[in-house]
Amino acid sequence: MASHHGAPRTELSRRGFIVGAAAAGIAVTGGQLLSARPASAAVAGYNLPFTNLAEAGTVVPRYDSSYPYGANGGDVGDGFHNGIDFNATGTSGTVMGRRVHPVRPGTVVLHSSSASLGTYLRVRHSDGHESLYAHLGSVYISSGSVSSGSVLGTMGASGDVTGPHLHLAFYTGSGWTSYDPWPYLNGAPYANGSSGGGGGWILPKTATEQDGIPGPIYWQRFQNFLRGYGYTGPVDGVPGINTYKAFQLWLTGWGYGGPIDGVPGINTYKAQQRHAQTWGYGGPVDGVPGPNTYRAEARFINQDVYDRVA
Ligand SMILES: [Zn+2]
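Calculation criteria
- Residues numbered from 1 in each chain as written.
- Predicted model: local features only at pLDDT ≥ 70, side-chain atom pairs only at ≥ 80, totals over all residues.
- Helix = DSSP H or I, 4+ residues; strand = E, 2+ residues; numbered from the N terminus.
- Buried ≥ 20, exposed ≤ 12 C-beta atoms within 10 Å, placed from the backbone.
- Pairing = 2+ DSSP bridges.
- Contact = placed C-beta atoms within 7 Å.
- Axes fitted to C-alpha atoms, helices over the stretch in contact; angles between N-to-C directions.
- Parallel < 35°, antiparallel > 145°, perpendicular 65-115°, else oblique.
- Left-handed = near helix turned anticlockwise from the far one by under 90°.
- Core = buried A, V, L, I, M, F, W, Y, C linked by C-beta atoms within 7 Å.
- pLDDT = per-residue confidence, 0-100.

Student: Got a minute to help me understand the overall build of the chain in this structure?
Tutor: The helix and strand tally for the chain stands at seven helices and 14 strands. Counting only residues that meet the buried cut, the chain has 45% of its 310 residues in that class.

Here you go:
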């Protein structure tokens, strides 16, 4: 139940431990050199292997930065991790069924299964490189040409896993010489062109827009936004004094004139309600936020621009 982000997670997607050498980006066994993960945007022409569905309760894939390419131990044997993992995390927990798309157009050249990979597909691209999608649930396309919008199948938990996730691997050809997919996908859009990664992981949309109840995802998104106001703590969905300090600092732009003490009171919330008015809140500015205040704030914080955790 541990989480390396401190974020709520109902299930670990895979077992194993990150190796210090891999984390530090230095050479590891097998002659494969791990470079430090670039902060730059994705390579053009690649997309994340998912569609960004914003509806409440749908599954949102999140890159599991605890288990990067090269980590030791994991979902495909206990050696070198030759791919990257995406968790399937929905607002109601970890769920299967998320649609999987190819990261680039290509041709499905293999539909197979193994004890470690479970059900998997390989797609060959125009440069001869191949991408692999493992631990699938259903398979919808088992051969032939595919575009970025094609639905290869669904995320599942087949093979050697401890929970549902997608294992994505890149190979230099039809063999098993792998390379790190993440530099090609970090910052890439979703398969349907909406905003994608850019950091270690991707936040789900909060259902607070519908139910008016601020939960962990609402707060994760707020914390991510508040990084622009000096918040440097974890994006863990658990607001503490540092989250609220940044919150108050932000709200000085909305009429808050009290201390930046991280202890929100009526004047903090009045300022928030003034901000909420610009996102459809029609209630009183009384400093007592209710479901309609939170719904309006959720509309604000659900903008795609706050999907990425840098
Ligand atoms: Zn994996």
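Read on for the rest.
Student: In this structure, what is going on with unusual backbone geometry? I would like to understand it.
Tutor: Positive phi, close to 65°, is recorded for His135, a residue that is not glycine. As for its position among the elements, His135 is in the loop between strand S7 (130-134) and strand S8 (136-139).

Student: Can you help me understand the pairing of strand S6 (residues 118-124) in this one?
Tutor: Within a regular beta strand, the side chains point alternately toward one face of the sheet and then the other, so they alternate between its two faces. Where strand S5 (residues 106-114) meets S6, seven bridges bridge the pair, whose relative direction is antiparallel. Across the sheet, residue Thr107 finds its bridge partner in S6, namely Arg124. Where S5 folds back on S6, the antiparallel hairpin that results is connected by three residues. The pairing of S6 with S7 spans four bridges and is classified as antiparallel. What sits directly across from Arg122, in S7, is Leu132. Between S6 and S7, which pair antiparallel and follow one another directly, the connecting turn spans five residues, one of which, Gly128, has a positive phi of 90°.

Student: Looking at this model, I keep getting lost on helix H7 (residues 291-301). Mind explaining?
Tutor: The periodicity of an α-helix, 3.6 residues per turn, causes residues three or four places apart in sequence to face the same way. For H7, the set of buried residues is Thr293, Tyr294, Arg295, Ala296, Glu297, Ala298 and Ile301. Where H7 is buried, its residues meet helix H3 (208-211), helix H4 (216-226) and helix H6 (266-277).

Student: I'm lost on the environment of Trp182 in this one. Help?
Tutor: Residue position: Trp182 is located in helix H2 (residues 182-185). The buried category is assigned to Trp182, around which 20 C-beta atoms lie within 10 Å. As a C-alpha pair, Trp182 and Ile84 span 98 residues in sequence and 7.2 Å in three-dimensional space.

Student: What exactly am I supposed to notice about the sheet that holds strand S4 (residues 99-100) here?
Tutor: Think of a sheet as strands paired side by side through backbone hydrogen bonds, with each pair either parallel or antiparallel. Across the sheet, which stays open at both edges, the three strands sit in the order S4-S10-S8 with antiparallel pairing between neighbours. Each edge of the sheet is formed by a strand with only one pairing partner; in this case those strands are S4 and S8.

Student: Can you walk me through the packing of H6 against H7 in this structure?
Tutor: Helix-helix packing is characterised by the crossing angle of the two axes and by the distance between the axes. Contact geometry of H6 with H7 gives a least axis separation of 9 Å together with a crossing angle of 60°. The angle between H6 and H7 places the two elements in the oblique class. Viewed along their axes, H6 and H7 form a crossing whose handedness is left-handed. Here Gln272, Gln273 and Ala276 of H6 come into contact with H7, specifically with Thr293, Ala296 and Glu297.

Student: Just checking my understanding: could you explain the nonpolar core for this structure?
Tutor: Soluble globular proteins tend to pack their nonpolar side chains together in the buried interior. Grouped together as the largest cluster of nonpolar side chains are 31 residues, with contacts concentrated most on Val100, Tyr120, Leu121, Tyr133, Leu136, Leu168 and Leu185. Among the elements of the structure, strand S2 (84-90), S6, S7, strand S11 (165-171) and H2 are those that each provide at least two residues to this core. When residues in this core are grouped by element, the largest group, four residues, is from S11. Membership of the second largest hydrophobic core comes to 19 residues, among which are Phe247, Leu251, Ala298 and Tyr306.

Student: What should I look at first to understand the environment of Tyr179 in this one?
Tutor: Within the element layout of this structure, Tyr179 appears in strand S12 (residues 178-179). Sequence separation of Tyr179 and Gly83 is 96 residues, and the distance between their C-alpha atoms is 7.6 Å. With residues up to four places along the chain from it excluded, the contact list for Tyr179 reads Phe170 and Thr172.

Student: Please explain helix H5 (residues 241-251) as it appears in this structure.
Tutor: Those residues of H5 that sit buried are Thr243, Lys245, Ala246, Phe247, Gln248, Trp250 and Leu251. At its buried positions, H5 is contacted by H4 and H6.

Student: Can you help me understand the confidence of the model for the chain in this one?
Tutor: Parts of the model with low pLDDT should not have their predicted coordinates read in detail. For the chain, per-residue confidence averages 78 on the pLDDT scale, and residues scoring 70 or more make up 74% of the total. At the low end of the mean pLDDT range in the chain sits helix H1 (residues 20-24), at 30; at the high end sits S6, at 98. Contacts for the low-pLDDT stretch residues 1-40, under 50 throughout, to residues beyond four places or in other chains number 75 contacts.

Student: Honestly, the environment of Asp64 in this entry has me stumped. Any pointers?
Tutor: With respect to the element layout, Asp64 can be found in the loop between strand S1 (59-63) and S2. A sequence separation of 101 residues divides Asp64 from His165, and the C-alpha atoms of the two residues are 9.4 Å apart.

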